[in-house]
Amino acid sequence: MKPFALFFALSLLLLSSCGGKTTVITADMAREGVSNYCHSNYDWTPAEDRPDLMYVTLGDETDSTFQVIFRSYTGSFTYFLVNKSGGRTKMTEYVPTLNIEQDAGTIELLDWLK
């Protein structure tokens, strides 16, 4: 009976380790990837003389996600919700002066890490 139990336990271990590896995202990776995305997709020239106009910063963190916030020179914000397991990132744009919030799509954070 013991050989069967050992075989069963080893089989479960082998099956659980099969499949693709998922990259675990750190806070630094989340900020760097979002920063790379924002520098590639937004015009930063208004911030050359006033760097406080535009920035990327870490926001809230949960067990499964990091929030990274991009502030545009227009005063709007884009919130990036980065999944810690794999890096799939949901974007939401918010314009405080108009109180408008809308879905802005998704990105793969790993595509924006160097």
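This structure is a prediction, so every number in the text was calculated from the model and none was measured.

1. Observations regarding the packing of aromatic side chains
For the coordinates displayed, the defined rule picks out 6 aromatic pairs. Ring centres of Tyr42 and Phe70 lie 4.5 Å apart, and the angle between their planes is 20°; this geometry places the pair in the stacked category. Of this pair, Tyr42 sits in the loop between helix 2 (27–41) and strand 1 (55–61) while Phe70 sits in strand 2 (residues 65–71); the two residues are 28 residues apart in sequence, bridging distant segments of the chain. Taken together, the ring pairs in this structure connect Tyr37, Tyr42, Trp44, Phe70, Phe80 and Trp112 into an aromatic cluster.

2. Points about the pattern of salt bridges
Side chains that differ in charge, positive against negative, can pair when their charged atoms come close. Following the criterion strictly, the structure yields 3 salt bridges and no others. The partner of Glu61 in a salt bridge is Lys84, with the nearest N and O atoms 2.7 Å apart. With Glu61 in strand 1 and Lys84 in the loop between strand 3 (77–83) and strand 4 (88–95), this pair connects stretches of sequence that are 23 residues apart. Taking relative accessible area as the criterion, Glu61 reaches 52% and is therefore assigned exposed.

3. Structural notes on the confidence of the model for the protein chain
Confidence in the prediction for the protein chain averages 87 pLDDT; 82% of positions are at 70 or higher. Counting interchain partners and residues more than four positions distant, the pLDDT-below-50 stretch residues 4–18 has 0 contacts.

4. Focus on the sheet that holds strand 3
Taken together, the 5 strands give an open sheet; going across it, the order is 1-2-3-4-5, and neighbouring strands pair in antiparallel fashion. Two strands in the sheet have a free side with no partner beyond their single neighbour: strand 1 and strand 5 (100–108). For this sheet the average axis-to-axis angle between neighbouring strands, irrespective of direction, equals 25°. Across 6 bridges, strand 3 lies against strand 4 in antiparallel orientation.

5. Description of the side chain of Thr92
Its place among the elements puts Thr92 in strand 4. The exposure class assigned to Thr92 is buried, which follows from its relative accessible area of 14%. Residues contacting Thr92, with those up to four places away along its chain left out, are Phe77, Thr78, Tyr79, Glu101, Gln102 and Ala104.

6. A word on the nonpolar core
General note: in soluble globular proteins, nonpolar side chains tend to be found buried as a group. Counting 18 residues, the largest nonpolar core has Val34, Cys38, Phe80 and Val82 as its most contacted members. Every element with two or more residues in this core is listed here: helix 2, strand 2 and strand 3. Broken down by element, the residue count for this core peaks at 4 residues, all from helix 2. Apart from the residues within four sequence positions on either side, Phe80 is in contact with Val34, Tyr37, Cys38, Phe66, Gln67, Val68, Phe70, Thr89, Lys90, Met91 and Ile107.

Reading the values: the criteria
Residues numbered from 1 in each chain as written. Predicted model: local features only at pLDDT ≥ 70, side-chain atom pairs only at ≥ 80, totals over all residues. Heavy atoms only, no water. Phe/Tyr/Trp six-rings, centres within 6.5 Å; stacked < 30°, edge-to-face > 60°. Helix = DSSP H or I, 4+ residues; strand = E, 2+ residues; numbered from the N terminus. Salt bridge = Lys/Arg side-chain N within 4 Å of Asp/Glu carboxyl O. Buried < 20%, exposed > 50% of the residue type's maximum accessible area, 1.4 Å probe, protein only. pLDDT = per-residue confidence, 0-100. Contact = heavy atoms within 4.5 Å. Pairing = 2+ DSSP bridges. Axes fitted to C-alpha atoms, helices over the stretch in contact; angles between N-to-C directions. Core = buried A, V, L, I, M, F, W, Y, C linked by side-chain atoms within 4.5 Å.

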